[in-house]
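Listed here are the chains, written in short residue letters.
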Amino acid sequence: MLSSLRIAFVVLVSCLAALPAQGENAGEPKDPFFVEEFGTPGDPGSFRVRFCRNGGGMFSLQLMDHWQSVGTGSKSEHDSGDYMLLCYNGDNDGGDHALRVREIGGQPVFPQNLLVDRWADRKLPDGIEFTIRSSSELGPDGQPRGLELRRTLRHVPEERGFVLEFGLKNFDFATVGNSSITLELLGPWLVNPSHTTLVGNSSIAIAVPQSEDAEFRHLVPATGKVQQFEEIDLAALKFAGTTSRFFGAFLQPRNELAPRAISGLLVDTGPRQTDELTETKAGTMTRMRYRITLPIPAVGQETVASYGLYLGPKSYRVFETLPPVMQTTFEPVLDVDLAGGCCFEIPGARMMAKLLLTLLGWFFGVLGNWGFAIITLTVLVRGLLLPLNFRMQKSMRAYSSKMAVLKPKLDKLNEQYADDPKAKQQAMIAFQREHKMIPPIGGCLPILLTMPVYIGLFTALRTAYDLRQQPFLGWIQDLSLSDALFELPFWPGAFNLLPLIWMGMFIYLTTRQPLPTDPQQRSVQRMMRFMPLIMGVMLYGYASALLLYMVTSMVWSLGESALVKKILGPVDPNVASMTPTPM
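Our subject in this report is the structure included herewith. (Residues numbered from 1 in each chain as written. Predicted model: local features only at pLDDT ≥ 70, side-chain atom pairs only at ≥ 80, totals over all residues. Heavy atoms only, no water.)

Moving on, we get to the overall build of the protein. What the protein contains, in helices and strands, is 13 helices and 20 strands. Split into buried and exposed, the 583 residues of the protein put 52% on the buried side. Taking contacts inside the protein between residues at least 6 apart in sequence as the whole, the part at least 24 apart equals 67%. Carbon and sulfur atoms form 58% of the exposed surface of the protein, whose accessible area is close to 27,500 Å². (Helix = DSSP H or I, 4+ residues; strand = E, 2+ residues; numbered from the N terminus. Buried < 20%, exposed > 50% of the residue type's maximum accessible area, 1.4 Å probe, protein only. Contact = heavy atoms within 4.5 Å. Areas by Shrake-Rupley, 256 points an atom, 1.4 Å probe, with all protein chains shown as cover.)

To continue, consider the pairing of strand β6 (residues 120-124). Relative to strand β7 (residues 127-133), β6 is paired through five bridges, and the arrangement is antiparallel. Within the sheet, the bridge partner assigned to Arg 122 lies in β7 and is Glu 129. Between β6 and β7, which pair antiparallel one after the other, the connecting turn spans two residues. (Pairing = 2+ DSSP bridges.)

A separate point is the sheet that holds strand β10 (residues 180-186). A sheet is described by the order of its strands in space; here five strands give the open sequence β5-β10-β17-β16-β13, paired in antiparallel fashion. One side of each edge strand has no neighbouring strand; the edge strands of this open sheet are β5 (101-104) and β13 (227-228). The sheet contact formed by β10 and strand β17 (residues 285-295) spans seven bridges and is antiparallel. If you follow Leu 183 over to β17, its bridge partner there is Ile 292.

Strand order in the open sheet formed by four strands is β1-β2-β3-β4, with antiparallel pairing between adjacent strands. The open sheet terminates on both sides in strands that have one partner only, identified here as β1 (33-38) and β4 (83-88). Recorded for the sheet is a direction-independent mean angle of 20° between the axes of neighbouring strands. Summarising the sheet, strand β2 (residues 47-52) and strand β3 (residues 57-67) pair through six bridges and their orientation is antiparallel. For Cys 52, the partnering residue across the bridge sits in β3 and is Gly 57. (Axes fitted to C-alpha atoms, helices over the stretch in contact; angles between N-to-C directions.)

Bringing the environment of Leu 481 into the picture now. Counting through the fold element by element, Leu 481 comes out in the loop between α9 (445-460) and β19 (484-487). Relative accessible area serves as the criterion here: at 21%, Leu 481 is assigned to the partly exposed category. Sequence-wise, Leu 481 and Gly 541 are 60 residues apart; in three dimensions their C-alpha atoms are separated by 7.7 Å. The residues touching Leu 481, leaving out its near neighbours within four places in the chain, are His 195, Thr 196, Arg 245, Tyr 542, Ala 543 and Ser 544.

Turning our attention to the packing of aromatic side chains. Applying the stated rule across the entire model yields 25 aromatic pairs. For the pair Phe 239 and Phe 330, a centre-to-centre distance of 5.0 Å together with 85° between the ring planes defines the contact as edge-to-face. Here Phe 330 lies in the loop between α4 (316-319) and α5 (331-337) and Phe 239 lies in strand β14 (residues 237-243), a separation of 91 residues in the sequence. Like Phe 330, Phe 239 is buried. Taken together, a centroid distance of 4.8 Å and an interplanar angle of 5° make the contact between Phe 486 and Phe 495 stacked. Every member of this aromatic cluster is reached through a ring pair, and the members are Phe 34, Phe 38, Phe 47, Phe 51, Phe 130 and Phe 162. A cation over an aromatic ring shows up here: Arg 50 above the ring of Phe 59, its NZ or CZ 4.5 Å from the ring centre. Above the ring of Trp 119, the side-chain terminus of Arg 151 is found at 4.0 Å from the ring centroid. (Phe/Tyr/Trp six-rings, centres within 6.5 Å; stacked < 30°, edge-to-face > 60°. Lys NZ or Arg CZ within 6 Å of the ring centre and 35° of its normal.)

Following this line, the structure appears as structure tokens:
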């Protein structure tokens, strides 16, 4: 709530800054900041952008089809402060904001500092245009001289973004010794609030080539360092950009010159210090710096490089709404997310996560609530495993009955060979063969089969946009965040009920099981009773969607345990270690 008020305050200041100052007239300099809205509030791909004429860049960007929080979205009346802030990096007009350029390498062609000097702006029916000239003089014919650099941003709502066009026009510039200029385009900063971060950092930079056989690259934040993409064919670039947990900002070549013009991709991190407004910790955002080399055209001609700029959610469902040629373009980003993390990959996690998201989407389509979809998925998985688990429990009880009959003979063997371990081992093998003492195979199979579902959900929910700001019941208003029942004035900052319920049920279930008779197994089983506490602390602030699955699964385990005990009787201590609780 506090964060929303702060953002609303900044947006209000932005609006005031965009208004003419008292006494301002046409002969006085314009305010450097101004606000433009593209599209209709509520429509997909609509944006509210604050520009800065000093550098001609994008100071901040809000999505007008997303709310800042569940609370702001539920208001009866809305204002600009309710829209979600997607791109922002500090409250100043320095040269560190999105879509500004600087000239690099060799002798500069433009005498101005392109990052901070004033650009001329012109409003278009579907966008905005910024231009700057290398010379303010006019020729004898009254025409401009030198070069003109143009950046045009045209709104394309069906693509959830813009077309960013670079134009370099030559009025009378002699190209001797200067056949091209190289610009560095500063990509958007995507805010990365710390309260939305679960495990690891979902802010990455990614570059994907056109060829499906070529491997794409991604980089994670390296605070204070500038990284460079290497071993990738930039001339055949499909797209490149950066992400936050739920959103992405990607640049995609559109005309023939655009991919050939990209001469380098660099990545740095921000903000330089923790930003209180957006609750973004220092060094947790990635920003792409695109190096674009534009040939200087012949006199009277213009060089044009055109790029698509996507600014929207990372979601299979959203990508399916894009024009057909773009529907699979950005899927490699989701492949990185669903691999289990930006720094490592859990084997099989990607495939399982995709399957679970598909099933959850189908259940959501039927039930209309993601929470009930998760519960349905849990019941489906545990229900399918019920016959197998019952069979395993029955086999273990049969094994324990046989063990009870043979235990006196085993004790006698242990006494007979107490001082000769080698002879004892050989005697035990012979005894087991004689009496066919084969432990039931598959006692751990139910937990081994439920673990992929748990890992898949754990992986998918890190960046599952579809669950963002999706309510369940009661106090759970956002399944992508922890289920904070109320705030605490001390660590951990919020009272999350679901992990406490899960820990309580797990402890109750494990304490009901008898401890094994074997001293070593008994010691291990005692240690395992602390596992719920350890996992509960680790997952205390995780998405309530995962905890909802775990609580539902634990309720099933309690009911299943009581049913099996009623039918087959209690668990024998001799096989207590063979009956783990599925997740």
